[in-house]
Amino acid sequence: MDSFIVISLIKVAVVFAVLLTTLAYLQWVERKVIAHIQVRPGPYRVGPHGLLQPLADVVKLITKEDLRPPFVHKALYLAAPFMAMTLALMSICVIPFGPAIHLGGVPTWMQLTDLNIGVLFVLAVSSMGVYGVAFAGWASNNKYALLGGLRSSAQMISYELPMSIAIAAPLLLSNTLSLRTLVDTQAGGIWHWNVLRGPFPQIVSFVIFLIAAFAETNRVPFDLPEAENELVAGFHTEYSSMKFASFFMAEYANMITVSSMAVLLFLGGWMAPWPARYGSSVVPVLVFACAGAIALYHGIRPARRRDRYSLPVTGVVFLTVAAVFLLPMVQNWLLPLFWFGAKVGSILFTFMWVRGTLPRFRYDQLMGFAWKWLFPAAMLNLLVTGFLVAWVS
Amino acid sequence: MDVILFLVFALFAVACAINVVVQRHPITSAISLIGVMASLAVLYLLLGAEFIAAAQVIVYAGAIMVLFVFVIMLLNAGAELRSGRSLMAQALGVPLLAALLGIVAFFVQRLFPRETTTHFGGFTGGGAKEVGRALFTTYLLPFEATSILILIAIVGAIVLAHKELD
């Protein structure tokens with residue numbers, strides 16, 4: 001019992017430290033990705049390649065003056081960013097990152113806790129998440145903020161339906177609500193992942209889930225709650241300093257949760273795309289070794305003066321990571337972590353890619369799309385899946 | 001542990017429920033109602049009915065209350081004025097409330113004797129599988145009747161909303 005508490009505390013600390021660091025650096029990655037899509041270098045001044053930019057941003061946000069406009073609803077105005085942040089961070093505790101491991105001789109899972117209704121828990125928390133935004137908009141006593149809050153609640157109610165129905169279809173294939181068991185049923189290679197699995201591959205469902213996820217996290221092309229040309233900054237117009245930052249962090253935390261859910265439901269969680277006996281465990285070594293070799297090559301022939309130092313160091317770091325992946329004692333937890341991270345990373349990259357590519361929807365288009373296209377499509381997909389699953393069994 | 005949690009969340013639920021009535025501003029009332037729903041979900045969870053707890057949060061706290069809040073925000077409802085209470089309400093309100101609570105408690109005690117009550121975590125019919133099985137076998141007819149009722153309500157809402165457009 002004591003070891004259980006100690007291990008749980010360690011896991012909570014590790015997961016939240018990693019999550020919060022990822023949140024900070026996700027923003028740097030997003031700025032870089034969008035910058036490169038638009039053919040500009042992006043953050044470059046603070047640290048090599050702007051790598052210290054998140055730290056500078058944190059210092060800036062903390063030390064900024066914390067304004068409170070005079071006519072706000074005080075309690076709700078203060079509670080809203082807190083609610084947004086808490087609810088956004090809460091769902092991470094049921095997300096499994098890997099299989100069972102031994103930590104100091106004690107068996108434990110790479111997951112904070114496994115609920116037998118894990119999927120429903122995430123849905124419940126995300127359905128509560130709208131309150132942070134809605135109350136922020138209402139309590140600010142500002143017409144732009146109110147309109148942003150209203151848009152956000154309408155949008156989240158509408159897109160929650162296709163999202164839940166899209167989630168139900170892979171659950172029919174896996175026949176469980178526990179996220180850990182859900183991943184276990186998808187073991188054995190890419191053909192067993194729910195997105196490609198018989199009797200009915202859930203490709204349509206996956207696409208619907210991703211589209212609804214963009215809307216649920218208020219991301220482009222569904223970022224109408226903060227459309228700056230219409231609503232200044234939307235629901236967080238009146239917020240400054242760390243209160244503004246908590247909305248920002250909540251958005252990125254939601255992005256991570258939703259990407260993890262997509263990976264767990266459709267892409268086989270931490271499972272490798274093909275079994276280890278056909279050499280899937282060599283992939284991370286090859287990836288990191290190639291990255292290290294490329295960095296070293298460019299370090300020897302530097303295009304800019306600073307590359308003479310930064311690139312060789314990066315190369316050596318990558319090669320070390322590649323070597324670590326070869327150690328047999330860390331492989332059983334590092335490999336699942338690699339595949340999980342790679343899949344979540346690809347989906348997060350898609351989020352950024354779409355943001356750099358698509359313009360914003362008009363408001364009536366947004367609602368019409370959810371109710372006239374996405375919802376019937378999700379319904380049809382669920383119906384076909386249900387019939388086929390019943391027919392096969 | 002279970003008893004402490006039960007007391008905390010039951011008291012919280014009752015306090016929130018009283019607050020729904022006491023508050024003058026509709027949005028604070030709505031927030032109190034969300035508090036009631038959420039603490040009820042915790043009580044279900046304590047009993048061992050996980051699925052019901054999740055459904056409670058998803059449907060009531062997450063969907064219906066969002067609609068309430070949405071409408072309150074859309075109408076921009078302000079704080080309500082407190083009208084003076086009638087003499088009868090002042091005199092009889094508290095005694096009548098106490099009497100009602102007493103009668104309810106008495107009948108609950110009579111109808112459900114001690115032996116038939118469930119203990120914390122002892123309720124086994126609350127998982128997703130059990131609820132689904134019960135809905136589609138034992139309670140199939142009420143379930144289908146309820147779905148048709150809801151469908152009629154949806155159609156009625158659309159007809160009413162459409163009439164306003166012309």
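A quick note: this is a predicted structure, and the numbers were derived from the prediction, not measured.

Quick notes on the rules
Residues numbered from 1 in each chain as written. Chains lettered and ligands numbered in written order. Predicted model: local features only at pLDDT ≥ 70, side-chain atom pairs only at ≥ 80, totals over all residues. Helix = DSSP H or I, 4+ residues; strand = E, 2+ residues; numbered from the N terminus. Rg over C-alpha atoms; globule rule 2.2 N^0.38 Å. Buried ≥ 20, exposed ≤ 12 C-beta atoms within 10 Å, placed from the backbone. Contact = placed C-beta atoms within 7 Å. Axes fitted to C-alpha atoms, helices over the stretch in contact; angles between N-to-C directions. Parallel < 35°, antiparallel > 145°, perpendicular 65-115°, else oblique. Left-handed = near helix turned anticlockwise from the far one by under 90°. Nonpolar A, V, L, I, M, F, W, Y, C, P; charged D, E, K, R; others polar. pLDDT = per-residue confidence, 0-100. Core = buried A, V, L, I, M, F, W, Y, C linked by C-beta atoms within 7 Å.

Draft legend 1. Region of interest: the overall build of chain B. On a plain count of helices and strands, chain B comes out with six helices and zero strands. Counting from the amino terminus, helix and strand elements in chain B follow one another as α-α-α-α-α-α. Its C-alpha radius of gyration of 20 Å places chain B more than 25% over the 15 Å reference for a compact globule of 166 residues. Its C-alpha atoms give chain B principal-axis dimensions of about 50 × 50 × 30 Å. Buried residues in chain B amount to 18% of all 166 residues. Residue pairs at least 24 apart in sequence account for 65% of intrachain contacts in chain B once pairs closer than 6 positions are excluded.

Draft legend 2. Representation of the overall build of chain A within the structure. Helices and strands together make up the secondary structure of chain A, namely 14 helices and two strands. For a compact globule of 393 residues, the expected C-alpha radius of gyration is about 21 Å, and chain A comes in at 22 Å, within 12% of that figure. By its C-alpha atoms, chain A is 65 × 60 × 50 Å across when sized along the principal axes. Expressed as a percentage of its 393 residues, the buried residues of chain A come to 41%.

Draft legend 3. Structural view of the packing of helix 6 (residues 143–174) of chain A against helix 3 (residues 50–75) of chain B. Where helix 6 of chain A meets helix 3 of chain B, the axes come as close as 10 Å, and the angle between the chain directions of the two elements is 150 degrees. One way to sum up the angle between helix 6 of chain A and helix 3 of chain B is to call them roughly antiparallel. Crossing geometry of helix 6 of chain A relative to helix 3 of chain B is assigned as left-handed. Note on element contacts: helix 3 of chain B touches helix 6 of chain A through B:Ala63, B:Val66, B:Leu67, B:Val69, B:Phe70, B:Met73 and B:Leu74, opposite A:Leu146, A:Gly149, A:Leu150, A:Ser153, A:Ala154 and A:Ile157. When grouped by side-chain class, the residues that make up the contact of helix 6 of chain A with helix 3 of chain B number 11 nonpolar, two polar and no charged.

Draft legend 4. View of the confidence of the model for chain B. Overall, the prediction assigns chain B a mean pLDDT of 83, with 91% of residues at 70 or greater. The ipTM, which scores confidence in the relative placement of chains, is 0.78 for this predicted complex, and the corresponding pTM is 0.85.

Draft legend 5. Summary view of the interface of chain B and chain A. The interface is formed by 17 residues belonging to chain B together with 18 residues belonging to chain A. For the side of chain B that touches chain A, the leading source of residues is helix 3 of chain B, giving 14 residues. Class assignment for the residues of the side of chain B that touches chain A results in 14 nonpolar, two polar and one charged.

Draft legend 6. Inspection of the nonpolar core at higher detail. Counting residues in each nonpolar core, the largest one holds 124 residues, and the members touching the most others are A:Ala212, A:Ala262 and B:Ala54. Residues in contact with B:Ala54, not counting those within four places in the same chain, are A:Ile117, A:Leu120, A:Phe121 and A:Ala124. Listed in part, the five residues of the second largest apolar core include A:Ala295, A:Leu311, A:Phe318 and A:Phe325.

Draft legend 7. Spotlight on the environment of B:Leu46. All names here are of chain B. One can find Leu 46 in helix 2 (residues 26–47). You can call Leu 46 partly exposed: it has 19 C-beta atoms within 10 Å. Placed 43 residues apart in sequence, Leu 46 and Val 3 show a C-alpha to C-alpha distance of 9.3 Å.

Draft legend 8. Quick look at unusual backbone geometry. All names here are of chain A. Phi is positive for Val 39, close to 55 degrees, though the residue is something other than glycine. By the secondary structure assignment, Val 39 is in the loop between helix 1 (2–37) and helix 2 (53–63). Taking the number of C-beta atoms within 10 Å as the measure of exposure, Val 39 has 6 and is therefore exposed. Although it is not a glycine, Asn 141 sits at a positive phi angle of roughly 60 degrees. As for its position among the elements, Asn 141 is in the loop between helix 5 (130–139) and helix 6. By the C-beta count within 10 Å, which is 15 here, Asn 141 ends up partly exposed.

Draft legend 9. Region of interest: the confidence of the model for chain A. Considering every residue of chain A, the mean pLDDT works out to 83; 97% of them sit at 70 or more. No element of chain A has a lower mean pLDDT than helix 9 (residues 228–231) of chain A, at 68, and none a higher one than helix 8 (residues 203–216) of chain A, at 89.

Draft legend 10. Structural detail: helix 5 of chain A. Of all 10 residues that make up helix 5 of chain A, 10 are buried, and the element is covered over most of its length. Tucked into the core, helix 5 of chain A has its buried residues touching helix 3 (74–90), helix 4 (118–128), helix 6 and helix 10 (241–266) of chain A together with helix 2 and helix 3 of chain B. Within two residues after helix 5 of chain A, A:Asn141 carries a phi angle of roughly 60 degrees, on the positive side.

Draft legend 11. Local environment of the packing of helix 8 of chain A against helix 10 of chain A. Residues and elements named next belong to chain A. Between helix 8 and helix 10, the least distance of the axes is 10 Å, while the angle of their chain directions is 165 degrees. On the basis of their axis angle, the class for helix 8 and helix 10 is roughly antiparallel. At the point where helix 8 passes helix 10, the crossing takes the right-handed sense. Seen from helix 8, the contacting residues are Phe 206, Phe 209, Leu 210, Ala 213 and Glu 216; seen from helix 10, they are Val 258, Ala 262 and Phe 266. Split by residue class, the contact of helix 8 with helix 10 holds seven nonpolar, no polar and one charged.

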